[in-house]
Amino acid sequence: MDAEITLLAGTAGTTIATLLATDTWNGVRNGVITLWRRVRPDHEEQVAAQLDTSRRDLLGAQTDGDEETEREIAAEWQGRIRRLLVAHPELVAQLRSLLTELDPSTRSGPTVTQRATASGSSRVYQAGRDLNVEQR
């Protein structure tokens, strides 16, 4: 179970760190807080503050092109999640469910969002899959 928890914590840490810098960060925040609340309700405010700090740090690091800080934030959350799961292995299923919910690639059916702006005599070519363009 330890190897499984370590692997799951690694995935969770990376997912949390990646999604904190996206529009879905509120869902990440709420999901992680809910996870903690089940077994450590006294740490809810502390976890919320840590998530908010991680988000601020991550956004600043991305602005500065600081990939090392991004990796450190993922490692910090990996460690937090691993320690939580070691102490409370009953949360493994809930964490898996949260990761499935947060990871768009695990949702059923494809989601395609496209936006384009053209001006003057420019051209825009968009496709949800294959695209062949022949210029004449």
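Residues numbered from 1 in each chain as written. Predicted model: local features only at pLDDT ≥ 70, side-chain atom pairs only at ≥ 80, totals over all residues. Heavy atoms only, no water.

1. Examining the pattern of salt bridges
Tallying each qualifying case throughout the model produces six salt bridges. Asp-42 is the partner of Arg-40 in a salt bridge, and the nearest nitrogen-oxygen pair spans 3.8 Å. You can call Arg-40 partly exposed: its relative accessible area is 33%. A salt bridge links Arg-71 to Glu-68, with the nearest nitrogen and oxygen atoms 2.9 Å apart. A residue pair is termed a helical-turn pair when its members lie 3 or 4 positions apart in one helix, as Arg-71 and Glu-68 do in helix α4 (residues 67-87) at three residues. One continuous salt-bridge network, built from bridges that share partners, spans Glu-67, Glu-68 and Arg-71. (Salt bridge = Lys/Arg side-chain N within 4 Å of Asp/Glu carboxyl O. Buried < 20%, exposed > 50% of the residue type's maximum accessible area, 1.4 Å probe, protein only. Helix = DSSP H or I, 4+ residues; strand = E, 2+ residues; numbered from the N terminus.)

2. Topic: the packing of aromatic side chains
The relation between two aromatic rings is expressed through the spacing of the ring centres and the mutual angle of the planes. Summed over the entire model, instances satisfying the criterion amount to one aromatic pair. Where Trp-36 meets Trp-77, the ring centres are 6.2 Å apart and the plane angle is 85°; that geometry is what we call edge-to-face. In this pair, Trp-36 sits in helix α2 (residues 25-39) while Trp-77 sits in helix α4, placing the two residues 41 residues apart along the sequence. Using a relative accessible area of 8% as the deciding quantity, one classes Trp-36 as buried. We classify Trp-77 as buried; its relative accessible area is 0%. Taking the ring centre of Trp-77 as reference, the NZ or CZ of Arg-80 above it sits at 4.4 Å. (Phe/Tyr/Trp six-rings, centres within 6.5 Å; stacked < 30°, edge-to-face > 60°. Lys NZ or Arg CZ within 6 Å of the ring centre and 35° of its normal.)

3. Quick notes on the environment of Asn-30
By the secondary structure assignment, Asn-30 is in helix α2. Between the alpha carbons of Asn-30 and Ala-48 there is a distance of 8.5 Å; along the sequence they are 18 residues apart.

4. Thoughts on helix α3 (residues 44-64)
For α3, spanning 21 residues, the distance from its first C-alpha to its last is 30 Å, which sits close to the expected 30 Å at 1.5 Å a residue. For α3, the complete set of buried residues consists of Val-47, Ala-48, Leu-51, Ser-54, Arg-55, Leu-58 and Ala-61. Across the axial projection of α3, the buried residues extend over an arc of 155°, all falling on one side. Residues of α3 that are exposed and angled more than 90 degrees away from the buried face: Glu-45, Arg-56, Thr-63 and Asp-64. The inward-facing, buried residues of α3 abut α1 (2-19), α2 and α4. (Expected span 1.5 Å × (residues − 1). Arc of directions from axis to C-beta. Contact = heavy atoms within 4.5 Å.)

5. Concerning the packing of α2 against α3
At a minimum axis separation of 9 Å, α2 and α3 run at an interaxial angle of 150°. When the interaxial angle is binned, α2 and α3 end up roughly antiparallel. The crossing of α2 and α3 is right-handed. Residue-level inspection shows Trp-25, Arg-29, Val-32, Ile-33, Trp-36 and Arg-37 of α2 in contact with α3, the latter providing Glu-44, Val-47, Ala-48, Leu-51, Asp-52 and Arg-55. Split by residue class, the contact of α2 with α3 holds seven nonpolar, no polar and five charged. (Axes fitted to C-alpha atoms, helices over the stretch in contact; angles between N-to-C directions. Parallel < 35°, antiparallel > 145°, perpendicular 65-115°, else oblique. Left-handed = near helix turned anticlockwise from the far one by under 90°. Nonpolar A, V, L, I, M, F, W, Y, C, P; charged D, E, K, R; others polar.)

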